[in-house]
Each structure stands twice: as structure tokens, then as C-alpha cells.
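# Descriptive analysis of the structure
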Amino acid sequence: MNLKSIDGDRLVGYNNHNLIYYSIVPYNLSVLSNENVEAKIFLLMNLIKGVDIVEILCLNGRENFRSNKE
């Protein structure tokens, strides 16, 4: 993987590329008000808007690869 170090939530390669990852736990949106949902979307938007490339993986807690892949 050409990794130089692992630092908290960051993987650093020998070519000085950084891979930063965040684990986001979903909320039960059906019980939140519209204002709370909008606030959560706004916070997530601010988190990722300064990043050049974003990849999002949506995985469930059961860790069943076939369903996650689909």
C-alpha cells in the first residue's frame, strides 16, 4: 500500500499523499425535525467541501460483502 505512517484518522504515503477517513454513524432521520436534518446535512457539507476528491462508502453493520457491494 506504500504507507509511510498511520496517524489517527489519516494514512500517509511515501509520496506525501494523505488519505483521511471519517466514520459517520447514521441517525434515525424519521424522528428528527426538518431543522435538525438540515443542520446535519450542513455540517457534513462543511466537512467535505474543502476536499478535492471524495469517495463515500455506505456499509451496513452486518458486514455481508455481497449486499454491501450491490
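Residues numbered from 1 in each chain as written. Predicted model: local features only at pLDDT ≥ 70, side-chain atom pairs only at ≥ 80, totals over all residues. Heavy atoms only, no water.

### Observations concerning the overall build of the protein
A count of helical and extended segments in the protein gives two helices and three strands. Order of helices (α) and strands (β) in the protein, N terminus to C terminus: β-β-β-α-α. Counting over 70 residues, the protein shows a buried share of 6%. At a minimum sequence separation of 6, the contacts of the protein that also span at least 24 residues come to 3%. Roughly 6,900 Å² of accessible area belongs to the protein as shown, and the carbon and sulfur atoms make up 56% of that amount. (Helix = DSSP H or I, 4+ residues; strand = E, 2+ residues; numbered from the N terminus. Buried < 20%, exposed > 50% of the residue type's maximum accessible area, 1.4 Å probe, protein only. Contact = heavy atoms within 4.5 Å. Areas by Shrake-Rupley, 256 points an atom, 1.4 Å probe, with all protein chains shown as cover.)

### A look at the confidence of the model for the protein
Predicted confidence across the protein gives a mean pLDDT of 78, with 81% of residues reaching 70 or more. Looking at the elements of the protein, mean pLDDT is at its lowest for helix H2 (residues 65–69), recorded as 63, and at its highest for helix H1 (residues 34–48), recorded as 88. (pLDDT = per-residue confidence, 0-100.)

### Digging into the pairing of strand E1 (residues 3–7)
Here E1 runs beside strand E2 (residues 10–13); their pairing, made up of four bridges, is antiparallel. Opposite Asp7, over in E2, you have Arg10 as the bridge partner. Counting the residues between successive antiparallel strands, the hairpin from E1 to E2 contains two residues, one of them, Gly8, with a positive phi of roughly 65 degrees. (Pairing = 2+ DSSP bridges.)

### Structural notes on the sheet that holds E2
Pairing is antiparallel across the open sheet formed by three strands, whose spatial order is E1-E2-E3. Both outer strands of the open sheet, E1 and strand E3 (18–20), are each paired with one neighbouring strand and no more. When the angles between neighbouring strand axes are averaged without regard to direction, this sheet yields 15 degrees. (Axes fitted to C-alpha atoms, helices over the stretch in contact; angles between N-to-C directions.)

### Observations concerning a nonpolar patch on the surface
The grouping of Ile20, Tyr22, Ile24, Leu44 and Leu47 at the surface amounts to a nonpolar patch, some 460 Å² of accessible area in total. Take Leu47: it is sitting in helix H1. For Leu47, a relative accessible area of 34% puts it in the partly exposed group. (Patch = residues over 30% accessible without salt bridge, like charges linked within 9 Å, V, L, I, M, F, W, Y side chains within 5 Å. Salt bridge = Lys/Arg side-chain N within 4 Å of Asp/Glu carboxyl O.)

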